Amino acid sequence: MTRYILSRAAQALLVLWGAFTLSFVLLQVMPGDAVLIKFQDPELGLSPQQISDIRASYGADESAFVQYAHVLGRTLAGQLGYSIETGVPVSRMLHAAYPTTLRLAVVSFGGAIMLAASFATAALLAPLRPLRAALRLVPGLASGIPVFWLEIVAIQLVSFHWKLVPVVGVSGWAAAVLPGLALAIPISAPLTQVFLSAAERVMAQPFIDVLRARGASPLRILYAHVLPNALPPTLTISGLVFGEILAGAVVTETVFGLDGLGQLAQQAVANQDVAVLQAIILISVAGFVVINFTVDALHPLIDPRIRRTQAGGAA
Amino acid sequence: MLHPFRAVLSSSRPVLALAACMAFHAPAPARATDAASPGGTLLYLEKQPHKNLYPPAGGFYPNGGILAQITDRLTWQNTDTLKIEPWIATGWSVNADSTVFTFTLRPGVTFSDGTPVDAAAVALNYDTFGKGNRALHLPPSEVINNYERSEVIDPLTVRFYFSKPSPGFLQGTSVIGSGLVSPASLRRPLDEWGDARHVIGSGPFVVRDEVPGKSVDLVTRPDYAWGPEQLAPQGPSRLAGVRIIVVPEDSIRIGAFIAGQADFARAVEAYDEEQIIRHGDTIYAASTRGVNNSVVFRPDNPLVADPRVRLALLHATDRPDILRTLYSPNYPLARSVIAADAQGFVDHAADLTYDPALAGRLLDEAGWTMAPDGWRRRNGVALALAVHEALPQPQSRSMLVLLAQQWRRVGVRLTILSGSPAMTVLDNLNPAVTPLFHAEVGRADPDVIKSAFYPTNRNVLLQKGGQSRHVEHFVDPELNGLLDQVASDTDPATRLADLARVQADILAKGYSIPIFEEPQVYAGSARVHDMRFEAVGRPVFYRTWLARP
């Protein structure tokens, strides 16, 4: 088990370094840089001499390799550097931004699980075969709805028309509810799809017929027998869904004007603010690695078959 | 064609219409005001986050919107008469050739960190704004020309010396870029001015907190007693504070405002004005009194080097059609290079007519003949131009698309470019890539025209001698000479006469196609009272008060 954890950790470090390097390369090949974006603004009225002084002080004209060595060395030393655009330490920006995204992730993931659970129950237990078939199409459709459109409609109806929750001037969990639930809809779609197809496979198995013949209620069959068997693939997918939440956060936070990591990332890309973007990438990749590791670790707990295989392998 | 075009542009409308179809009674709006304090906190929705609060960077409206609340200036420009009136300076004298300015300061004024606003502090401010500070990366201010040095005469008297006549300096002391800040703030490098909490002014509001890129909280300074006379009584603000929240998405910002979630909003597009008025709220269109919203040429590019081509495109532009299609009556048709309420304005409406026949003749004369495919060519080269969308300008992209449609009729192709901010900056410095530029500069002084056109200032025509390294040969010594004179004429009448010559020169050479006089358009809810704006349209919340909901 220790060896397994060590090898996973080594893999994670490799992934982190790869993402770090790739993001640096991508920002390098874009024309211009953050110093140029910030200081060649004609509103500042800087002379060519002043601009070249500023560029020199930031090391903006050093070779890409020297710059890479510098940021890598700084990052390894635990320093995230300063945002060129805002002049604020990156760590302060992250500290201000992460709670928003965390709350968004919790609400949208929790909402997605509840949506997926209630929808799957309806799709499996609804009377009439055509109705069940029709319900089964809905998750596919839901995953096709553009998140930004869904969110704009949600804002217009829930906030502006029904006036249930304000979208500006709110903070904390209150600010996460509407965007979180809107984001939950597309996120719940893959969860529902994977769970439904796994559940169908389980329900086609003979032991379900036996249970039915012995008079177990459909709801009991679903929750006591189908659910535990259909959960493992759904759990695997939910690890991947984390990536979707991060990607969704960029759009959602922009639409709702939330000050989370997604909006920070979007601004960092626009301003080519390398230090900020790389810090966000490191955090996202680390989060992704940790979540998938947790999912892997949870598998044996919920599925006795995996537990047995691992024990057998170790013997 | 008018209506479909508008429908596409109006992002918030289709959804609102959908929402309106659903009959659902709306409960009373939830207001984010501080009920405990006498005046309440005004909630102001900004379109963009501030970038840097070093006062000379205050030209950018989100920066200026904060600086206008937290800093005072030596003088106040009366928004009705445009006269310069006392503020932190109670009086001043200027020598005959406008090279020495002496200011007497109001006693008892302090920065919010407790340090006095005395001659030494004011001298340090102007030394920094006039010359910049290389070690701290602080650039000089574009409104202060020929600055030499300061002299502290006594604690309440300060004198400034200039190497050349600088008649624009007095007005320059009234602009947002000359906001006075404490010596402690002036010791910070440029980067640290991004954090609003670092900027200590003597204004009626103080920064309490900021969330980077998201919000800034201003609180009222209870001991404030030195507002400008035009905004009397000069005591503290009646508000408890102002909360500035950044909502970049137009439909959300305007939608939230209409839904009653905020008191005030900036950057209202023309197509949203109607629904705001219908809702019983107020539209404030503040003039920026400067160089009009214009499309300018970069004559270094051989395609637009011939004045006949530039004048042809001016006459191929149906400006009234642009205004009817995209804008509202708050956007007056431009009648010169500068706005009609700017100082020294001369009406050139007769030179700015829509005349496609004349445009065709001029292009023919210049050798650009119509090919059978409907595009003009000369020696096999098509007259194909490009311009970057200018994000700060209202509906820039739609305006340029309409322009392209109009020029299409005379056989000229216009491509509208868009790209990352860095891409836009780089392209706009290269006349070969962007023979055209979409520009506007606001400032209520004749110097504004120099700010826009002079090579070492914003250099909108891209002359040689400015920031761009791509300019091969274009330079116009005649225009630059006139601009220099406007900036250094000591006699106001001569100055205005030279300003008239500059306007005539720019239009006669076809350097610019002025489209409209650009307003800053805000929306205020019915409970906002006594809303004021400084001379170029930045909101001043100092006198504002909120009625009880």
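Residues numbered from 1 in each chain as written. Chains lettered and ligands numbered in written order. Predicted model: local features only at pLDDT ≥ 70, side-chain atom pairs only at ≥ 80, totals over all residues. Heavy atoms only, no water.

Let us now look at the environment of Val528(B). Residues and elements named next belong to chain B. Inspection of the secondary structure assignment puts Val 528 in strand E22 (residues 528-529). Each C-alpha atom of the pair Val 528 and Thr 81 lies 25 Å from the other, and the pair is 447 residues apart in sequence. In contact with Val 528, other than residues within four places in its own chain, are Leu 42, Asp 263, Tyr 284, Thr 544, Trp 545 and Leu 546. (Helix = DSSP H or I, 4+ residues; strand = E, 2+ residues; numbered from the N terminus. Contact = heavy atoms within 4.5 Å.)

So, on to a nonpolar patch on the surface. A surface patch of nonpolar side chains, amounting to about 390 Å² of accessible area, comprises Leu22(A), Val25(A), Leu26(A) and Val29(A). Relative to the elements of secondary structure, Leu26(A) occurs in helix H1 (residues 2-29). (Patch = residues over 30% accessible without salt bridge, like charges linked within 9 Å, V, L, I, M, F, W, Y side chains within 5 Å. Areas by Shrake-Rupley, 256 points an atom, 1.4 Å probe, with all protein chains shown as cover. Salt bridge = Lys/Arg side-chain N within 4 Å of Asp/Glu carboxyl O.)

A few words on the domain arrangement of chain B. Residues and elements named next belong to chain B. Partitioning chain B into domains gives domain 1 (41-287 + 521-546) and domain 2 (290-517). When each unit is reduced to the centre of its C-alpha atoms, the spacing between domain 1 and domain 2 is 30 Å. Across the boundary between the two partners, domain 1 contributes 26 residues, which contact 23 residues of domain 2. When the two sides are added together, the surface that domain 1 and domain 2 hide from each other amounts to roughly 1,900 Å², 46% of it contributed by carbon and sulfur. Taken together, the connections running from domain 1 to domain 2 amount to one salt bridge. As a salt-bridge pair, Arg 458 and Glu 142 come within 2.7 Å of each other at their nearest N and O atoms. Counting across the domain 1 and domain 2 interface gives five residue pairs in polar contact (both at pLDDT 80 or more). Breaking the side of domain 1 that touches domain 2 down by element, the ones donating at least two residues are helix H5 (169-172), helix H8 (270-278) and strand E12 (282-287). Classifying every residue of the side of domain 1 that touches domain 2 gives 14 nonpolar, eight polar and four charged. (Domains from an automatic or database assignment. Buried area = accessible area lost by both parts, 1.4 Å probe. Polar contact = N/O pair within 3.5 Å; in protein donor to acceptor, adjacent residues only side chain to side chain. Nonpolar A, V, L, I, M, F, W, Y, C, P; charged D, E, K, R; others polar.)

Residue and element names in this part refer to chain B. As summarised here, the arrangement of the four strands in space is E4-E5-E7-E6, forming an open sheet in which the pairing is antiparallel. The strands lining the two open edges of the sheet, one partner per strand, are strand E4 (89-94) and strand E6 (147-154). Averaged over neighbouring strand pairs, the angle between their axes works out to 20 degrees when direction is ignored. As paired strands, E6 and strand E7 (residues 157-162) are joined by six bridges and run antiparallel to one another. Paired with Glu 151 across the strands is Arg 159, a residue of E7. On top of the sheet, helix H4 (residues 119-131) reaches strand E5 (100-105), E6 and E7; it is set at about 180 degrees to E6, its chief contact. (Pairing = 2+ DSSP bridges. Axes fitted to C-alpha atoms, helices over the stretch in contact; angles between N-to-C directions.)

This part is about unusual backbone geometry. Residue and element names in this part refer to chain B. That bond from Ala 232 to Pro 233 is cis: its omega, 0 degrees, falls within 30 degrees of zero. Located in the positive-phi region is Arg 289, a residue other than glycine, with phi close to 50 degrees. Its place among the elements puts Arg 289 in the loop between E12 and strand E13 (291-297). The exposure class assigned to Arg 289 is buried, which follows from its relative accessible area of 14%. For Gln 395, which is not glycine, the phi dihedral falls at a positive 50 degrees. Structurally, Gln 395 can be placed in the loop between strand E17 (384-388) and helix H12 (396-408). Residue class for Gln 395 comes out buried when judged on its relative accessible area of 9%. (Buried < 20%, exposed > 50% of the residue type's maximum accessible area, 1.4 Å probe, protein only.)

Moving on, we come to the UniProt feature "transmembrane region" (unreviewed entry) in chain A. All names here are of chain A. In the numbering used here, UniProt assigns the "transmembrane region" (unreviewed entry) feature to residues 12-30, 102-125, 137-158 and 274-295. The distance separating the terminal C-alpha atoms of residues 102-125 is 34 Å; by composition the span is 100% helix and 0% strand. Between the end C-alpha atoms of residues 137-158 there is a gap of 26 Å, over a span that is 91% helix and 0% strand. (UniProt positions renumbered as here; feature names shortened; annotations may be inferred.)

This paragraph deals with the packing of helix H10 (residues 218-256) of chain A against helix H11 (residues 261-271) of chain A. All names here are of chain A. Two numbers describe how H10 lies on H11: the axes approach to 7 Å, and their chain directions differ by 90 degrees. Considering the angle they form, H10 stands roughly perpendicular to H11. Two secondary-structure elements touch here, H10 through Ala 249, Val 250, Glu 253 and Thr 254 and H11 through Leu 261, Gly 262, Gln 263 and Gln 266. (Parallel < 35°, antiparallel > 145°, perpendicular 65-115°, else oblique.)

The next point concerns the interface of chain B and chain A. Taken together, the 52 residues of chain B in the interface contact 51 residues of chain A. Here chain B meets chain A over a buried area of about 4,700 Å², counting both sides, of which 61% is carbon and sulfur. Our enumeration of links across chain B and chain A arrives at one salt bridge. Taken together, the connections running from chain B to chain A amount to six residue pairs in polar contact (both at pLDDT 80 or more). Among the elements of the structure, helix H2 (13-21), strand E8 (205-211), strand E10 (241-246), helix H7 (250-258) and helix H13 (421-428) of chain B are those that each provide at least two residues to the side of chain B that touches chain A.

Okay, the packing of aromatic side chains next. We describe a pair of aromatic rings using the distance from one ring centre to the other and the angle between the two ring planes. All names here are of chain B. As enumerated under the stated definition, the model contains 31 aromatic pairs over all chains in all. Plain terms: the ring middles of Tyr 224 and Tyr 542 are 5.4 Å apart, the flat faces sit at 80 degrees to each other, and that makes the pair edge-to-face. Highlighted residues: Tyr 224 in the loop between strand E9 (215-220) and E10 and Tyr 542 in the loop between strand E24 (539-540) and strand E25 (545-546), separated in sequence by 318 residues. Assessed through its relative accessible area of 1%, Tyr 224 is described here as buried. Classification of Tyr 542 by relative accessible area gives buried; the value is 3%. (Phe/Tyr/Trp six-rings, centres within 6.5 Å; stacked < 30°, edge-to-face > 60°.)

Here we take up the pairing of E9(B). All names here are of chain B. Within E9, five of the six residues are buried, which leaves it mostly tucked inside the rest of the structure. As defined by bridge partners, E8 adjoins E9 across six bridges and the pair is classed as antiparallel. The residue of E9 that forms the bridge with Val 211 is Ser 215. Where E9 and E10 come together, five bridges link them in antiparallel fashion. Paired with Val 219 across the strands is Gly 241, a residue of E10.

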